[in-house]
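What follows is each chain in one-letter form.
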Amino acid sequence: MIVGLIVNPVAGLGGAVALKGSDGPDIQARALALGAVPRAAERAAAALRALRARRPDVLVRTVAGPMGEDSARAAGVPYRLAHRPAATAGAASTGAASTGAADTRAAVAALGDVDLLLFAGGDGTARDVLDAAPRPPVLGIPAGVKVYSGCFALGPAAAGATAAGFDGRTVGAEVVDLDEEGHRAGRVGARLYGTLRVPAARERLSGRKTGSSAAPPGSAESIARAVVAGMRPGTAYALGPGATTLAVGRALGLALTPLGVDVVRDGALLAPDVTEQRLHAIAMSQVTHGVLSVIGGQGFVIGRGNQQFSPRVLAKLAGVVVLATQQKLAALGGRPLLVDSGDPRADAAFEGHVRVVTGHRESVLYRIGPASEELS
């Protein structure tokens, strides 16, 4: 089996440092200056380890340096170089500010004869792959800040397992993306760019994010009232991104950061638009709860657009409150809520059931599990 691999080495840089994306060299440089740590290479390596565990005969064809070779070496899989972009010559191992969209498109062209093409990144990377019109089927390894497209596996292990079991059957998966500049300014809107052929393994694909427009008026406000009523004096609450958590802000009379993480205490804004480092410091110094909404259509609670809730932050939280309308839960069709913090041990702590607030004086117990678990 011959599998191609492309890694966007700067994917996900902007998440933990509250930049809400990683597109563009200026944002990437700013993220690194704020202490962001590249994570795409390790997530790609994790996918390759899961792949080789099931298919010892696999051969990886990839791109030199941080665009794939480094991950193949880390995973200990046999590989051959198919492309050596000039942009990586002399680049640091992080690949920061050394590769771009043109490099991804060139790599896709160079890997046109593989059985399946894996790529590690986010929605921006998926767009670059789509623009290159890949000949083989593809599968995304989620490594970006926002991963709303349907062409990604649930997590690295699921990507490796899906690749190992690929039998040639494919389905179309949508590629969507947000305008990051508008995203940072609070103008939220996804655009459909096209479809990619992916393995027909629905249970291991994240699916496309869906909006909350189908929810009846008042649902978010009803949930918000329940959250505010349950807030304890002297306790900090870290409100993650999402329309439902914005409603919590409105119920408190506060204007929260769209798609950011804000910390409130005693009805006042304690810290707006926090980074992972700032959130960790708050959780270390006082009792702090996380308040997180569910991504519609996907079921993710942690790891998609809220990377501020890192494994070390999760370990310090006194608890996590999960919010979702009944309609959003019903649309999951029984699939579990998902956690993908980047640390399988931290994710495993959530396995079981979680109480989800669905309205004022309304809640349900719902199954939750790590996206990193290797599905049978």
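Every value quoted in this text rests on a predicted model; they were computed, and no experiment measured them.

Quick word on helix α8 (residues 219–229)
In step 1: Residues of α8 that are buried: Ser219, Ala220, Ser222, Ile223, Ala224 and Val227.
In step 2: Against α9 (243–252), β11 (288–293), β13 (319–323), α12 (326–331) and β15 (352–359) lie the buried residues of α8.

So, the pattern of salt bridges
Side chains that differ in charge, positive against negative, can pair when their charged atoms come close.
In step 1: All told, the structure shown has twelve salt bridges when counted by the stated rule.
In step 2: Note that Arg61 and Asp113 form a salt bridge whose closest N and O atoms lie 2.5 Å from each other. Pair noted here: Arg61 is in strand β2 (residues 59–63) and Asp113 is in the loop between α4 (101–110) and β4 (116–121), with a separation of 52 residues, a long-range link.
In step 3: Note that Asp167 and Arg169 form a salt bridge whose closest N and O atoms lie 2.9 Å from each other.
In step 4: Its relative accessible area of 54% is what places Arg169 among the exposed residues.

Considerations on the pairing of strand β5 (residues 138–142)
In step 1: Taken across its five residues, β5 has five buried, putting it largely inside the fold.
In step 2: Side chains Val138, Gly140 and Pro142 project from β5 onto one buried face, and the interleaved Leu139 and Ile141 project onto a second face that is buried too.
In step 3: Bridging between β4 and β5 involves five bridges; their strand directions are parallel. In the strand pairing of β5, Phe119 is matched with Gly140.
In step 4: The β-α-β motif built from β4, the intervening helix α5 (residues 123–131) and the parallel element β5 has right-handed crossover chirality.

A few points about the sheet that holds β4
In step 1: Taken in spatial order, the five strands of this open sheet run β3-β2-β1-β4-β5, and their pairing is parallel. Every interior strand has two partners, whereas the edge strands, β3 (79–83) and β5, have only one. Here the average twist between neighbouring strands, direction ignored, is 25°.
In step 2: Sitting on the sheet, helix α6 (residues 156–164) is in contact with β4 and β5, with an inclination near 160° to β5.

What to know about α4
The α-helix winds at 3.6 residues per turn, so residues separated by three or four positions along the chain end up facing the same way.
In step 1: Along α4, the residues that are buried comprise Asp103, Thr104, Ala107 and Val108. Taken down its axis, α4 places every buried residue within 140° of arc, on the same side.

Examining the side chain of Ser149
In step 1: Of note, Ser149 is situated in the loop between β5 and α6.
In step 2: At 2.8 Å, the side chain of Ser149 and the side chain of Asp123 are in polar contact.

Considering the packing of helix α2 (residues 40–54) against α6
In step 1: One can describe the packing of α2 onto α6 by two numbers: an axis separation of 7 Å at closest approach and a directional angle of 40°. Comparing the axis directions of α2 and α6 gives the class oblique. Note that α2 runs across α6; the crossing there is right-handed. Across the interface between the two elements, Arg43, Ala46, Ala47, Ala50, Leu51 and Arg54 of α2 pack against Pro156, Ala157, Ala159, Gly160, Ala161, Ala163 and Ala164 of α6.

Let's talk about the confidence of the model for the protein chain
In step 1: In this model, the protein chain carries an average pLDDT of 87, and 83% of its residues clear a pLDDT of 70 or more.
In step 2: Across residues 89–97 the pLDDT falls below 50, and counting only partners more than four positions away or on other chains, this stretch makes 14 contacts in the model.

Points about the nonpolar core
In step 1: Ranked by size, the top nonpolar core spans 57 residues in total, and within it Leu5, Ile6, Leu48, Leu118, Phe119, Ile141 and Cys151 carry the most contacts.
In step 2: In terms of residue count, α2 provides more of this core than any other element does, six residues in total.

A closer look at the environment of Pro233
In step 1: With respect to the helices, strands and loops of the structure, Pro233 is situated in the loop between α8 and β8 (236–239).
In step 2: C-alpha separation for the pair Pro233 and Gly267, spaced 34 residues apart in sequence, amounts to 8.8 Å.

Describing the side chain of Ser341
In step 1: Tracing the sequence through the fold places Ser341 in the loop between β14 (337–339) and α13 (344–348).
In step 2: Within the structure, the side chain of Ser341 is placed 3.3 Å from the backbone nitrogen of Asp343, a separation counted as a polar contact.
In step 3: Within polar-contact distance, the side chain of Ser341 engages the side chain of Asp347 at 2.6 Å.
In step 4: Non-local contacts of Ser341, meaning those with residues more than four positions away in its chain, are made with Arg39, Ile302, Pro311, Leu314, Ala346 and Asp347.

Remarks on the sheet that holds β13
In step 1: The nine strands lie next to each other as β10-β9-β8-β11-β13-β15-β16-β14-β12, forming an open sheet whose pairing is mixed. Edge strands, defined here as strands with exactly one partner in the open sheet, are β10 (268–271) and β12 (300–302). Taken pair by pair, the neighbouring strands of this sheet meet at an average axis angle of 35°, ignoring direction.
In step 2: As defined by bridge partners, β8 adjoins strand β9 (residues 262–265) across four bridges and the pair is classed as antiparallel. By the bridge assignment for β9, Leu239 is matched with Asp262.
In step 3: The strands touched by helix α10 (residues 276–285) within the sheet are β8, β9, β10 and β11, with β10 carrying the most contacts at an inclination of about 110°.

Some details on unusual backbone geometry
In step 1: Within the chain, Leu259 stands out as a residue other than glycine whose phi angle is a positive 65°.
In step 2: Under the relative-accessibility criterion, Leu259 is labelled buried at 15%.
In step 3: Positive phi, normally seen in glycine, also occurs at Arg361, with a value near 60°.
In step 4: With respect to the helices and strands, Arg361 occurs in the loop between β15 and β16 (362–370).
In step 5: With relative accessibility at 79%, the residue Arg361 sits in the exposed group.

What counts, and where the lines are drawn
Residues numbered from 1 in each chain as written. Predicted model: local features only at pLDDT ≥ 70, side-chain atom pairs only at ≥ 80, totals over all residues. Heavy atoms only, no water. Buried < 20%, exposed > 50% of the residue type's maximum accessible area, 1.4 Å probe, protein only. Helix = DSSP H or I, 4+ residues; strand = E, 2+ residues; numbered from the N terminus. Contact = heavy atoms within 4.5 Å. Salt bridge = Lys/Arg side-chain N within 4 Å of Asp/Glu carboxyl O. Pairing = 2+ DSSP bridges. Right-handed = clockwise from strand over helix to strand, strands pointing away. Axes fitted to C-alpha atoms, helices over the stretch in contact; angles between N-to-C directions. Arc of directions from axis to C-beta. Polar contact = N/O pair within 3.5 Å; in protein donor to acceptor, adjacent residues only side chain to side chain. Parallel < 35°, antiparallel > 145°, perpendicular 65-115°, else oblique. Left-handed = near helix turned anticlockwise from the far one by under 90°. pLDDT = per-residue confidence, 0-100. Core = buried A, V, L, I, M, F, W, Y, C linked by side-chain atoms within 4.5 Å.

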